[in-house]
Amino acid sequence: MNLEEQTQQNVEFMIETIKTKLRMATAAAMQASHFSIDQYEDIRDLYEVVASKEKFSISEVEALVSELGKLRGK
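The notes below deal with the structure included here.

1. So, helix α3 (residues 58-71)
- Here α3 spans 20 Å end to end across 14 residues, near enough to the 20 Å set by a 1.5 Å rise per residue.
- Every buried residue of α3 is listed here: L64, L68 and L71. The buried residues of α3 all sit within an arc of 60° when viewed along its axis, so they share a single face. Opposite its buried face, α3 presents the exposed residues I58 and E62, each directed more than 90 degrees away.
- The elements touched by buried residues of α3 are α1 (8-22) and α2 (40-51).

2. Quick word on the packing of α2 against α3
- Running from N to C, α2 and α3 cross one another at 165°; their axes reach a closest spacing of 11 Å. The angle between α2 and α3 places the two elements in the roughly antiparallel class. Crossing angle aside, the handedness with which α2 passes α3 is left-handed. Residue-level contacts link D42, I43, L46, V49 and V50 of α2 to L64, E67, L68 and L71 of α3.
- Its residues assigned to classes, the contact of α2 with α3 shows seven nonpolar, no polar and two charged.

3. A short note on the pattern of salt bridges
- Taken as a whole and judged by the stated rule, the model has five salt bridges.
- As a salt-bridge pair, R44 and E48 come within 3.0 Å of each other at their nearest N and O atoms. Of the two residues, R44 and E48 are both situated in helix α2; the distance of four residues between them amounts to about one turn of the helix.
- A relative accessible area of 16% places R44 in the buried class.
- For E67, the salt bridge goes to K70, with nearest N and O atoms at 3.2 Å.

4. Here we look at the nonpolar core
- Ranked by internal contacts, the top residues of the largest apolar core, which has 18 residues, are I15, I18, F35, I43 and L68.
- In this structure I43 touches V11, M14, I15, I18, F35, S36 and L71, once residues within four positions along its chain are discounted.

5. Description of the packing of aromatic side chains
- All told, the structure shown has one aromatic pair when counted by the stated rule.
- Ring centres of F13 and Y47 lie 5.9 Å apart, and the angle between their planes is 55°; on these two criteria the pair is classed as tilted. Linking F13 in helix α1 with Y47 in helix α2, this pair joins segments that are 34 residues apart in sequence.
- A residue is classified by how much of its surface remains accessible, and F13, at 32% relative accessible area, is partly exposed.

Thresholds, definitions, all that
One numbering rule holds for all chains: residues counted from 1, following each sequence as written. pLDDT decides what is reported in this predicted model: residues at 70 or higher carry local features, side-chain atom pairs at 80 or more are listed and counted, and totals for whole chains, interfaces and linings draw on all residues regardless. Working from all heavy atoms in the structure, the side-chain values ignore hydrogens and water. Only DSSP runs of H or I reaching four residues or more are called helices, and only runs of E reaching two or more are called strands; each is numbered from the N terminus. The span one expects for a helix is its residue count, reduced by one, times 1.5 Å. Each residue's exposure class comes from its accessible area (1.4 Å probe, protein chains only) as a fraction of the maximum for that residue type: buried when under 20%, exposed when over 50%, partly exposed otherwise. As used here, the arc is the angular range of directions from the helix axis to the C-beta atoms. Any two residues whose heavy atoms approach within 4.5 Å are treated as being in contact. Here an angle of 0 to 180 degrees is reported between the N-to-C directions of two axes, which are lines fitted to C-alpha atoms, with helices fitted over the stretch in contact. Each angle receives one of four descriptions, namely roughly parallel if under 35 degrees, roughly antiparallel if over 145, roughly perpendicular if within 65 to 115, and oblique otherwise. Should the near helix be turned counterclockwise from the far one by less than a right angle, the crossing is left-handed, whereas a clockwise turn marks it as right-handed. Amino acids outside the nonpolar list (Ala, Val, Leu, Ile, Met, Phe, Trp, Tyr, Cys, Pro) and the charged list (Asp, Glu, Lys, Arg) are all regarded as polar, and Gly is one of them. Each salt bridge in this description consists of a side-chain nitrogen of Lys or Arg and a carboxyl oxygen of Asp or Glu lying within 4 Å of one another. Put simply, buried Ala, Val, Leu, Ile, Met, Phe, Trp, Tyr and Cys residues joined by side-chain atoms within 4.5 Å make one nonpolar core. Aromatic pairing here means that ring centres of Phe, Tyr or Trp (its six-membered ring) are within 6.5 Å. Orientation follows from the plane angle: under 30 degrees is stacked, over 60 is edge-to-face, and everything else is tilted.

As structure tokens, this is what we get:
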């Protein structure tokens, strides 16, 4: 997957990866289709943070989920 390309498919891949890694209890509410390619760089930044870590504290998960929420449906 080439994340250099700003495509909706890449947005969906990154969102799904973030949801999986964070083991989000509310993952069903975070549909990848609710995210726009307009926020690609912000989503990619969030994706890279999540992808770089194995474990997250509760406060880290809350902060990351909060950021995802801000990007959703803007």
